[in-house]
Amino acid sequence: MRNAIAVLSTLLALGSISNRYLVGQELVLDLDPRVQTGTTVGSDPAEFARVGRLAYFTAKRTARDLWVTDGTAGGTRWVIEALALGLHSITDLTAHGGRLFFVGNSVADGAELWVSDGTAAGTQRLSDLAPGSSASAIGQLTSTPSGLFFAGQNATSGAELWWSDGTRAGTRMVADIRPGAGGSDPREIVAYGAGVAFQADDGQAGPELWLSNGMTVARIDIVPGASGSRPGDLATARGRLLFRADASGGEELWLSDGTSAGTRRVADIQPGAAGSAPRDLTVAADGTVYFFADDGTHGVELWRTDGSTAGTRLVRDVTPGPAGAPPYGLTALGSRVLYSAWTFAEGHEPYVSDGTAAGTFALGPIAPGAQGSDVRHFGVFGGRAVFSGVMRGIGSRLWITDGSISGTHMLTDANGHSVASRTPALPGPSDWLFAIDLGRDGVELGRTTGALQSTGPLADIAVKPRSGSPRQFQKLGNRTYFVASSSRFYSTAGTAARTVRETDLEVHWAVRVADYFVLVGRRNSGPVQMWHFDP
């Protein structure tokens, strides 16, 4: 299911805020204590990956090495030195089965799969895709119940599907789908059941849908011959795959239960070579799949399907005729969907649909006139959605909806004034935290319960006219932690009095691990180091 949770970009002006420095905070370990004349040298920790209560990351000494920490100095260890193992980079850190898998790159061996249990002895190379100095490449690491799948490439077999159970003996090519150096080029690897579904080209059937359980592969030949159906936009609904494929009649909606007999075109929405090009498949709470498609008569509009031909239909022709701007922003709101649709008279405005023509209607207009409100993000929380809409002459304003016209309104402050906002963020303890642009007063943190005149300042993080620019919101217990105001670390429980500055560190990165945080930052103008913060 696609759920368009909006990403934070700006924030609001607020009241007084208490400070508490250095409470529960300590330097975990100075990974690089060296000092050079006229400058400082830091380890620059990055690429954190959480595996249970441990956090793996890379940090620089002579090269970017692999480290692991439990958030304490004694529990922070140098797992491996990259250069000692001939590695010039460590990337793609992926948790699977309680251990860390990653791609180690070297000039001698190219890219190979590695695994670590957090100790030097337990860190080993699992694959030898290209023995010797021949180039190799690895990507698309995908964790499944049956093992770790990935796309591996070497000069002999080309790009093929590989699998690992976490041992050297158990790391192997699943199948040489396309013998020879060309390879089958597996793409869009997604977990499906206990294995994966993906697109691959065996050189005979063209790009087709394939399935694997890690032991065998099976091709579902949608288009007989060498052209292939080029399946894409794979999604899972009720244990079945829905996807877009071209069966010599343009791209249409297809469904598969993982067998050739159970794979079929759901509907020929636009007969002929053009196809309806289904996109943005979104699964509602009742299992109905919504998507955008063009039947050649009505233009790109909202469609729905239950997986049957009879149950696949145009929901409503919002913009009559084939012309018009395509809709976007399809987002599930319980058993209904929200999206932005365009009309000649009103431009882009927010719409809601329950899958029927009568139940598909505009929630506005948010901005009267042909320009529209240009709604682009719906942040769904607790059966309602917060979104921002652009109003001509005013700018972007924050709105909320429960999916009804009467339940859609602009959020206002205690004085009844509208709130300048861009993108909703995430829910606080009992409300929303979001981004508000205050113009010359900058960007600060705000809150709303969604009720009229409930939107207002939470904490004044930065001295005017500077902006607090809160970001990196993370929940722990009943508090929300974030970085703001010259990269300081804050937390809030939803009121100005309960919004506090946790540290005087300049924080570049805050990562929650279990019930504590690992902070990457520095004090004053010192080197960038890793710190432990225990609330």
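Our subject is the structure listed above.
## As for the overall build of the protein
Of regular secondary structure, the protein possesses zero helices and 47 strands. Partitioning the intrachain contacts of the protein with sequence separation of at least 6 by distance along the chain shows that 45% fall at a separation of at least 24. As displayed, the protein has an accessible area near 21200 Å², and 52% of this comes from carbon and sulfur atoms.

## Section: the sheet that holds strand 11 (residues 110-116)
Across the sheet, which stays open at both edges, the four strands sit in the order 9-10-11-12 with antiparallel pairing between neighbours. With partners counted over all chains shown, the strands left at the sheet margins are strand 9 (89-96) and strand 12 (124-125), one partner each. Relative to strand 12, strand 11 runs antiparallel, the two sharing two bridges. Across the sheet, the residue bridging to Val115 is Gln124, located in strand 12.

## Observations regarding the nonpolar core
Ranked by size, the top nonpolar core spans 15 residues in total, and within it Tyr56, Leu66, Ile80, Ile90, Leu93, Leu100 and Phe102 carry the most contacts. At the level of secondary structure, the elements contributing two or more residues to this core comprise strand 5 (46-51), strand 7 (64-69), strand 8 (77-80), strand 9 and strand 10 (99-106). Contacts of Tyr56, omitting those with residues within four sequence positions, involve Glu47, Phe48, Ala49, Val51, Leu66, Trp67, Val68, Leu93, Leu100, Ser116, Asp117 and Gly118.

## Section: the side chain of Thr171
By the secondary structure assignment, Thr171 is in strand 16 (residues 171-175). The buried category is assigned to Thr171, whose relative accessible area is 10%. In this structure the side chain of Thr171 is engaged in a polar contact, spanning 2.7 Å, whose partner is the side chain of Ser164. A distance of 2.7 Å separates a polar atom in the side chain of Thr171 from the backbone oxygen of Thr167. Each residue touching Thr171, except ones within four places of it in the same chain, is listed here: Leu113, Leu126, Ser127, Phe150, Trp163 and Ser164.

## A word on the side chain of Thr144
Tracing the backbone through its elements, the reader meets Thr144 in strand 13 (residues 136-144). Reaching out from Thr144, the side chain makes a polar contact with the backbone oxygen of Gly147 at a distance of 2.8 Å. Within the structure, the side chain of Thr144 is placed 3.3 Å from the backbone oxygen of Ala194, a separation counted as a polar contact. Beyond its immediate sequence surroundings of up to four residues, Thr144 is in contact with His96, Phe149, Ala191, Ala194, Gly195 and Val196.

## What about the pattern of salt bridges?
Tallying each qualifying case throughout the model produces eleven salt bridges. In this structure, Arg187 and Asp185 form a salt bridge, with 2.8 Å as the shortest nitrogen-oxygen distance. The partly exposed category is assigned to Arg187, whose relative accessible area is 46%. For Asp268, the salt bridge goes to Arg265, with nearest N and O atoms at 3.9 Å. On the basis of relative accessibility, which here comes to 30%, the residue Asp268 falls in the partly exposed class. In the salt-bridge network here, residues are joined through shared partners; they are Asp202, Arg219 and Asp221.

## Structural notes on the environment of Ala151
The topology assignment puts Ala151 in strand 14 (residues 147-154). Along the chain, Ala151 and Arg187 lie 36 residues apart, while their C-alpha atoms are 8.0 Å from each other. In contact with Ala151, other than residues within four places in its own chain, are Ala137, Ile138, Gly139, Gln140, Glu160, Pro186 and Ile189.

## A short note on the environment of Glu502
For Glu502, the location among the structural elements is in the loop between strand 44 (499-501) and strand 45 (506-513). Overall, the relative accessible area of 0% leaves Glu502 in the buried class. Separated by 19 residues in the primary sequence, Glu502 and Val483 have C-alpha atoms spaced 9.9 Å apart. Among the polar contacts made by the side chain of Glu502, one reaches the side chain of Ser491 at a distance of 2.6 Å.

Rules used throughout
- Residues numbered from 1 in each chain as written.
- Predicted model: local features only at pLDDT ≥ 70, side-chain atom pairs only at ≥ 80, totals over all residues.
- Heavy atoms only, no water.
- Helix = DSSP H or I, 4+ residues; strand = E, 2+ residues; numbered from the N terminus.
- Contact = heavy atoms within 4.5 Å.
- Areas by Shrake-Rupley, 256 points an atom, 1.4 Å probe, with all protein chains shown as cover.
- Pairing = 2+ DSSP bridges.
- Core = buried A, V, L, I, M, F, W, Y, C linked by side-chain atoms within 4.5 Å.
- Buried < 20%, exposed > 50% of the residue type's maximum accessible area, 1.4 Å probe, protein only.
- Polar contact = N/O pair within 3.5 Å; in protein donor to acceptor, adjacent residues only side chain to side chain.
- Salt bridge = Lys/Arg side-chain N within 4 Å of Asp/Glu carboxyl O.

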